[in-house]
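For reference, the chains in residue letters:
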Amino acid sequence: MDDVSPDAIVLLLDLFYTGDISQGALNHIFRIVEKQMATDKSIKENKPIEERLEKLVSHPDPYTSRLTKNFIENTSWLR
């Protein structure tokens, strides 16, 4: 995928959170986000995406929480 809109990223994160897509897909979602960040630096300023990431950090599943924390740290997402 060359270009994924921020709205699509929000939708994917929401689908993961509600259990409509698998936990294995979360890693792929994060890869999509990283690729988008390479071409669109302003994506880090997207409040809806930031809110979803913050929500996933406190996800009840420890793997999901840790994966999200690692993503945030590796991409310096949150200020």
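These remarks concern the structure in this document.

Reading the values: rules and limits
- Residues numbered from 1 in each chain as written.
- Predicted model: local features only at pLDDT ≥ 70, side-chain atom pairs only at ≥ 80, totals over all residues.
- Heavy atoms only, no water.
- Axes fitted to C-alpha atoms, helices over the stretch in contact; angles between N-to-C directions.
- Helix = DSSP H or I, 4+ residues; strand = E, 2+ residues; numbered from the N terminus.
- Parallel < 35°, antiparallel > 145°, perpendicular 65-115°, else oblique.
- Left-handed = near helix turned anticlockwise from the far one by under 90°.
- Contact = heavy atoms within 4.5 Å.
- Nonpolar A, V, L, I, M, F, W, Y, C, P; charged D, E, K, R; others polar.
- Phe/Tyr/Trp six-rings, centres within 6.5 Å; stacked < 30°, edge-to-face > 60°.
- Buried < 20%, exposed > 50% of the residue type's maximum accessible area, 1.4 Å probe, protein only.
- Lys NZ or Arg CZ within 6 Å of the ring centre and 35° of its normal.

## Quick look at the packing of helix α1 (residues 6-17) against helix α3 (residues 47-57)
The N-to-C vectors of α1 and α3 enclose an angle of 20°; their axes lie 9 Å apart at closest approach. As summarised for this structure, α1 and α3 are arranged roughly parallel, according to the angle between their axes. Note that α1 runs across α3; the crossing there is left-handed. Taken together, the residues of α3 that come into contact with α1 (itself represented by Pro6, Ile9, Val10, Leu13, Asp14, Phe16 and Tyr17) are Pro48, Ile49, Arg52, Lys55 and Leu56. Tallied by class, the residues present in the contact of α1 with α3 amount to nine nonpolar, no polar and three charged.

## Examining the packing of aromatic side chains
By the definition in use, this model includes one aromatic pair. Their ring planes at 5° and their centres at 4.3 Å tell us that Phe30 and Phe71 sit as a pair that is stacked. Highlighted residues: Phe30 in helix α2 (residues 23-39) and Phe71 in helix α4 (residues 62-75), separated in sequence by 41 residues. Phe71 carries the same exposure label as Phe30, and that label is buried. Sitting over the ring of Tyr17, Lys55 keeps its end group 4.3 Å from the ring centre.

From the geometry alone we can't say anything about function, so treat these as descriptive.
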